[in-house]
Structure formats: structure tokens, C-alpha cells
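Summary of the model geometry
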Amino acid sequence: MSDQVTPAAPDVPDHEIIILPAAGHRNHQPLLDQCLGVRVEVFVHEQGFSLDEEFDEHDPTATHFLLRLLPSRLAIGTIRGTKMVDSNGDAYYKLSRLAVLQPYRRYRFGRDLVLALHGWVKEDAKCSSDVNMAKVVAHSQIPVKSFYSKYGYLQEGDEFDEDGAPHQKMVTYLSLQRN
């Protein structure tokens, strides 16, 4: 019998993850601004990426998720999913712009955001195609490759530079088994 005690998980604050409504909806822009605010804080202020690189051509058409504390509705995390088509005409999904404000990372909100995105991918893929698996691609910063590995992502190809930092392409396939 071990004398080691596993530390209790920190009390997770009440929170919600919402999928932003489509562009044109009256709440879309205010909620998108909250997502972008989290991304600027994490990627620009904390990690030193260029503000010009943070916003790209995928933002207007991507599906954005926003993690907020309750009841304050303080935005503390975000993730973005984009449906893409490769050079062979095959559809896949790209997970990108996962960010959680530093004081809240200990609550494993990154996991919650990835799982929420995976749920969206499965529902979207079931509705829009007749396949049994959905491919999801992420370009992971090198220090967090192991984070994505926990969710079934495997390395594909060599490391590469993206926005001035080394990244690794990570890929997973989500089962779309219909019950």
C-alpha cells in the first residue's frame, strides 16, 4: 500500500462552452470579439506572436467556440474549427487557435474545448458525408505535442515553421459509428 496521496483536482469554476452563431446573427460579432480577445492575450501578449498573424482568412468562415465563466460570462478560452478540403478533394477538419488564459489552465479547460470541438466535428461529419471516420488536423506548437497526443493525435511529417515558431502536424481520426 502506498503512502502517496493523489492531490485533489482543483474546484473547477462554473463555466459554459458555446458555439458561436453564424456570421450575420446579432450575437456573432460580440462573441467573436471575446474569442479574439482571448487569442490576443495568449498568442500576442503572452507568447509574442505578431498581431498581424493572429487573424487570418479562416476566421470569417470558421466555427468558433467560446469558454466563459458563469455567472460573470468572463471569456477565458477559445478554439476554432474549420472544415477544409485537401488537394484530393477529401474533406477534413482543422483544429486551431486553442487558447486558455493562463490563470485558468490548471482546470484543464483545454481538454474541454478539444472535446467540444470533437463533438461538433462528429455531428457535422455525420450530417454532411457518408463516411465512418472524420479526420482532424492540428498544427501543434512543439512544447504541447503531448497535450494533443492525449486525445489520439499522432505526429505526421516533419516539424515546420509557422508564424516564426516550430510546429508539428498532428492528426486524429474520429469514429462516426452510427448506433
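To be clear, the structure that these remarks concern was listed above.
The structure presented is a predicted model; accordingly, all values stated were derived computationally and were not measured.

Thresholds applied
- Residues numbered from 1 in each chain as written.
- Predicted model: local features only at pLDDT ≥ 70, side-chain atom pairs only at ≥ 80, totals over all residues.
- Heavy atoms only, no water.
- Salt bridge = Lys/Arg side-chain N within 4 Å of Asp/Glu carboxyl O.
- Helix = DSSP H or I, 4+ residues; strand = E, 2+ residues; numbered from the N terminus.
- Buried < 20%, exposed > 50% of the residue type's maximum accessible area, 1.4 Å probe, protein only.
- Expected span 1.5 Å × (residues − 1).
- Contact = heavy atoms within 4.5 Å.

Take the pattern of salt bridges next. Applying the stated criterion to the full structure yields 11 salt bridges. The closest approach of N and O atoms between glutamate 54 and arginine 39, which form a salt bridge, is 2.6 Å. With glutamate 54 in helix α2 (residues 51–54) and arginine 39 in helix α1 (residues 28–46), this pair connects stretches of sequence that are 15 residues apart. You'll find glutamate 54 and arginine 39 in the same group, each marked buried. Residues participating in the shared-partner salt-bridge network are Arg39, Glu54, Asp56, Asp59, Arg80 and Arg97.

Note: α-helices contain 3.6 residues per turn, so residues at a spacing of three or four share the same orientation. Relative to the 27 Å expected for 19 residues at 1.5 Å per residue, α1 spans 26 Å between its end C-alpha atoms, a close match to the ideal helical length. Taken as a whole, α1 has its buried residues at His28, Leu31, Leu32, Cys35, Leu36, Val38, Arg39, Val40, Val42, Phe43 and Val44. Contacts made by the buried residues of α1 are with β1 (15–19), α2, β2 (63–69), β3 (75–85), β4 (91–100) and β5 (133–141). Positive backbone phi, approximately 80°, marks glycine 48, located one or two places after α1.

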